[in-house]
Amino acid sequence: MKITKICCIGAGYVGGPTMAVIAQKCPDIKVTVVDLNEARIAAWNDPDTNNIPIYEPGLSDVVAEARGRNLFFSTEVEKAIDEAEMIFISVNTPTKTYGSGKGMAADLKYIELCARQIARVSKSNKIVVEKSTLPVRTAEAIKNILDNTGNGVRFQILSNPEFLAEGTAVQDLLNPDRILIGGDTTEEGQHAINALVDVYANWVDRARILTTNLWSSELSKLTANAFLAQRVSSINALSELCEKTGADVNEVAKAIGMDSRIGPKFLKASVGFGGSCFQKDILNLVYIAKAYGLNEVADYWGQVIIMNDHQKRRFAHKIVTTLYNTVSGKKIAFLGWAFKKDTNDTRESAAIYVADDLINEQAELHVFDPKVGENQILSDLNYLDSRTPEENRKQMTVAENPYEACKGAHAIAVLTEWDEFRNYDWKKIYDNMMKPAFVFDGRNILDAKKLTEIGFVYKGIGS
Ligand SMILES: NC(=O)C1=CN([C@@H]2O[C@H](COP(=O)(O)OP(=O)(O)OC[C@H]3O[C@@H](n4cnc5c(N)ncnc54)[C@H](O)[C@@H]3O)[C@@H](O)[C@H]2O)C=CC1
Ligand SMILES: O=C(O)[C@H]1O[C@H](OP(=O)(O)OP(=O)(O)OC[C@H]2O[C@@H](n3ccc(=O)[nH]c3=O)[C@H](O)[C@@H]2O)[C@H](O)[C@@H](O)[C@@H]1O
């Protein structure tokens, strides 16, 4: 079966870039990305592709090439479902904030709504693709809803998890390590798998397209994120030991990373991992393990989150103790708010939690991030509900540029590894700060030697 029309429900960080690349690489397929959020769709349709709602290097060019040709963004969800032969579900699957499984399980209400809508609207056979990250065996629930509430048409469910990382989404999509497609082992299931394989084979080497059963595919996505997050927590755990022993975590990471069995990636010690997925997906894994009574498995993975929370708190605590046990009334400058460089996404960013701890200590925070603005920063803080929005507003200033953020500060904390931070005029920054002038480099990106020569007291992670 050759696919000619694709619909994607959810125009977010995954749906938008993924479908833009499919449309760019498959000009014969009409790709329609739909969302309930009208403002988001309007932004995807902005005549100036620099204003699309997601900042990703290279993405606006891909959208400019395909949009209006075979890539469309729309709020007409039902029309797009009706037309398509293949429907990707790429809606959010956040951690549940209510009821049973609160704070652990994935909230699948958006997924279920999509399944019910697809069942209601479809008048012809469809392939439904899980693009969102889902608990293992979700396909069973989706199939149940589709088969029991549909109009008698036939559905095939595939799992096709997404492995892109924010900040490198376009490169990851153009040149993926692998594409994973899980489906039913029946003949119909295999036909559906082949249809999706053929879409990706327009630009991905077939040897990199891996097909499995549904449950392996669903579980592999949670497992990949758990392994990646575990590496960050592992090196961060060692960073604390390095600080006590005189070892340098950068040197340790390099030394172990040269072992080809360990490998050099994902060994950067930091103020803690953030992002919308690592924590959510591990909590989900822990919840699933517990649901099967596998308490040791649950505790093992739960430790990755415990370590990450500790690392964020430890960073804030170190600032307070270094500044003579009080930051009350002191100006602290934050460089960076996004959860990593090259994205405007702030979900679960370590910066939010470090800021919250320092505001509890009555610090006056001044933040500069190249891609994150005031509204987002304040709304991230308010979301924690630690104090009133007015109280947050009083303690938090968002600066227009880094020099303004750092002027008169007692300390600078680097929360995101934006490249531009390395190239600032650090002498000028030093001259305008209170003395001693402290730098807490939560990403180990600055030149410690140069900063020390200028006069800063430099504190990295793990050295
Ligand atoms: N952000 C990332 O880098 C990655 C995310 N994922 C997974 O992909 C999924 C989506 O994540 P994001 O794109 O980051 O989320 P997002 O929150 O940016 O986008 C989801 C979109 O779905 C829309 N939506 C929700 N219910 C809808 C409905 N019934 N009809 C139409 N639109 C609806 C929302 O309005 C929102 O715009 C999640 O399961 C996530 O775990 C997977 C890999 C990478
Ligand atoms: O499912 C998802 O959402 C995605 O989650 C991560 O991607 P992402 O969260 O966008 O970004 P990462 O590069 O993985 O970084 C996550 C966090 O870990 C931190 N990190 C990463 C690597 C490292 O060595 N040290 C470190 O502190 C980053 O700064 C960031 O806060 C995975 O890398 C993607 O493969 C996956 O598709």
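Quick caveat: nothing in here was measured; it's all calculated off a predicted structure.

Quick notes on the rules
Residues numbered from 1 in each chain as written. Chains lettered and ligands numbered in written order. Predicted model: local features only at pLDDT ≥ 70, side-chain atom pairs only at ≥ 80, totals over all residues. Heavy atoms only, no water. Helix = DSSP H or I, 4+ residues; strand = E, 2+ residues; numbered from the N terminus. Rg over C-alpha atoms; globule rule 2.2 N^0.38 Å. Buried < 20%, exposed > 50% of the residue type's maximum accessible area, 1.4 Å probe, protein only. Areas by Shrake-Rupley, 256 points an atom, 1.4 Å probe, with all protein chains shown as cover. Lys, Arg positive; Asp, Glu negative; His and termini not counted. Charge placed at Lys NZ, Arg CZ, Asp CG, Glu CD. Expected span 1.5 Å × (residues − 1). Contact = heavy atoms within 4.5 Å. UniProt positions renumbered as here; feature names shortened; annotations may be inferred. Near = heavy atom within 4 Å. Polar contact = N/O pair within 3.5 Å; in protein donor to acceptor, adjacent residues only side chain to side chain. Nonpolar A, V, L, I, M, F, W, Y, C, P; charged D, E, K, R; others polar. Domains from an automatic or database assignment. Phe/Tyr/Trp six-rings, centres within 6.5 Å; stacked < 30°, edge-to-face > 60°. Lys NZ or Arg CZ within 6 Å of the ring centre and 35° of its normal. Pairing = 2+ DSSP bridges. Axes fitted to C-alpha atoms, helices over the stretch in contact; angles between N-to-C directions.

Regarding the overall build of the protein
Thought 1: Secondary structure assignment for the protein yields 18 helices and 14 strands.
Thought 2: The C-alpha radius of gyration computed for the protein amounts to 24 Å, which stays within 12% of the reference 23 Å derived for 463 residues, consistent with globular compactness.
Thought 3: Across its three principal axes, the protein shows a C-alpha extent of roughly 75 × 50 × 45 Å.
Thought 4: Looking at the protein as a whole, 53% of its 463 residues qualify as buried.
Thought 5: On the protein, roughly 20800 Å² of surface is accessible, and the fraction owed to carbon and sulfur atoms is 50%.
Thought 6: Each charge class in the protein was averaged separately, 53 positive and 60 negative side chains, and the resulting centres sit 2 Å apart.

Notes on helix 5 (residues 109-121)
Thought 1: Along its 13 residues, helix 5 runs 18 Å from first to last C-alpha, staying within 8% of the 18 Å computed at 1.5 Å per residue.
Thought 2: The set of residues buried in helix 5 consists of I111, C114, A115, Q117, I118, A119 and V121.
Thought 3: Contact partners of the buried residues in helix 5: strand 1 (5-9), helix 4 (77-83), strand 4 (86-89), strand 5 (126-130), helix 6 (138-149) and strand 6 (155-159).

Some thoughts on the UniProt feature "active site" (unreviewed entry) in the protein
Thought 1: In this numbering, the UniProt entry assigns the feature "active site" (unreviewed entry) to C277.
Thought 2: Note on placement: C277 falls in the loop between helix 10 (249-257) and helix 11 (278-291).
Thought 3: Judged by relative accessible area, C277 falls into the partly exposed class, the value being 28%.

A look at the site of ligand 1
Thought 1: By nearness alone, 25 residues border ligand 1, and D35, R40, T93, E166 and K280 come closest of all.
Thought 2: Within the contact set of ligand 1, an oxygen atom lies 2.6 Å away from a side-chain nitrogen or oxygen of D35.
Thought 3: Within the backbone of T133, a nitrogen or oxygen atom sits 3.0 Å from an oxygen atom of ligand 1.
Thought 4: Taken by itself ligand 1 offers 830 Å² of open surface, and the protein chains cover 92% of this.
Thought 5: Taken together, the residues that form the shell around ligand 1 break down as nine nonpolar, nine polar and seven charged.
Thought 6: Per-domain counts for the shell around ligand 1 show at least three residues from each of domain 1 (5-204) and domain 2 (214-463).

So, the packing of aromatic side chains
Thought 1: The final tally for this structure, using the stated rule, is 14 aromatic pairs.
Thought 2: Plain terms: the ring middles of Y200 and W203 are 5.6 Å apart, the flat faces sit at 50° to each other, and that makes the pair tilted. Accessibility classification places Y200 together with W203 in one group, the buried group.
Thought 3: Over the aromatic face of Y430 sits the side chain of K435, whose NZ or CZ is 4.5 Å from the ring centroid.

Comments concerning the sheet that holds strand 9 (residues 331-335)
Thought 1: Spatially, six strands are ordered 11-10-9-12-13-14 in an open sheet, and the strand pairing comes out parallel. Of all strands in the sheet, those with a lone pairing partner are strand 11 (396-398) and strand 14 (457-460), marking the two edges. With strand direction ignored, the average angle separating the axes of adjacent strands in the sheet is 20°.
Thought 2: Both strand 13 (residues 438-441) and strand 14 contribute to a ladder of four bridges, which runs parallel. Bridging across to strand 14, F440 finds its partner in K459.
Thought 3: Here helix 12 (residues 295-322) sits on the sheet and contacts strand 9, strand 12 (411-414), strand 13 and strand 14; the angle it forms with strand 13, its principal contact strand, is near 165°.
Thought 4: Helix 14 (residues 374-384) contacts strand 10 (364-368) and strand 11 of the sheet and is inclined by roughly 155° relative to strand 11.

Focus: the environment of S217
Thought 1: Counting through the fold element by element, S217 comes out in helix 9 (residues 214-245).
Thought 2: Classification of S217 by relative accessible area gives buried; the value is 0%.
Thought 3: A C-alpha to C-alpha distance of 8.3 Å links S217 and V136, two positions 81 residues apart in sequence.

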